[in-house]
Amino acid sequence: MTAMQEIPLVPTGTNGEAVEATPAELDAYVAHFQARVLQDAMREATATYWRRRAQTFLDARARPGDFLGNSTLEQRRARWCRLTEIAKACEARAQVALIQDDEVIR
């Protein structure tokens, strides 16, 4: 068999092992992968997705009583600001999704 004729390898399981796949198995794998990519793209196009992401970043900020380790006040402030800015960016993306939805409806 030449390199071009080798049976393709399809990853399986969580340990990253690869097994030889038949053409039908490879087609099924690719079809499943394509469907997941489309699902992810559709989900990420919604305002609800981006608002949920924004809330996740806001929730990641330190709260009173949290263990802060050896971080300095400056590091904690920088993290707070960074997480807040990311949340604002997610909210802005949610607004874009709403505008796009509105344009599609018209």
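All values reported here derive from a predicted model rather than from experimental measurement. Numbering of residues starts from 1 in each chain and follows the order in which that chain's sequence is written. Local features in this predicted model are restricted to residues of pLDDT 70 or higher, and side-chain atom pairs are both shown and tallied only at a pLDDT of 80 or more, whereas totals for entire chains, interfaces and linings draw on every residue. In computing side-chain values, all of the structure's heavy atoms are included and hydrogens and water are not.

(A) Expanded view of the overall build of the chain. A helix here means a DSSP run of H or I that spans at least four residues, while a strand means a run of E at least two residues long, and both kinds are numbered starting from the N terminus. For the chain, the helix and strand inventory stands at 3 helices and 2 strands. Each helix and strand of the chain, placed in order from N terminus to C terminus, yields the pattern β-β-α-α-α. Note on exposure labels: buried denotes an accessible area under 20% of the residue type's maximum, exposed denotes more than 50%, and partly exposed covers the range between, all computed with a 1.4 Å probe on protein chains only. In the chain, buried positions account for 13% of the 106 residues. Any two residues having at least one pair of non-hydrogen atoms within 4.5 Å are treated as being in contact. Of the contacts formed within the chain by residues at least 6 apart in sequence, a portion of 42% connects residues at least 24 apart. Of the roughly 8700 Å² of accessible surface on the chain, 59% is carried by carbon and sulfur atoms. Method for areas: the Shrake-Rupley scheme with a 1.4 Å probe, in which residue coverage is limited to the protein chains shown.

(B) Highlighting the nonpolar core. In these notes, a set of buried Ala, Val, Leu, Ile, Met, Phe, Trp, Tyr and Cys residues joined through side-chain atoms within 4.5 Å is what counts as a nonpolar core. A47, Y49, W50, A54, F57, L83, A87, C90, A94 and A97 together form the largest nonpolar core, which totals 10 residues. Broken down by secondary-structure element, the contributors of at least two residues to this core are α2 (47-59) and α3 (73-105).

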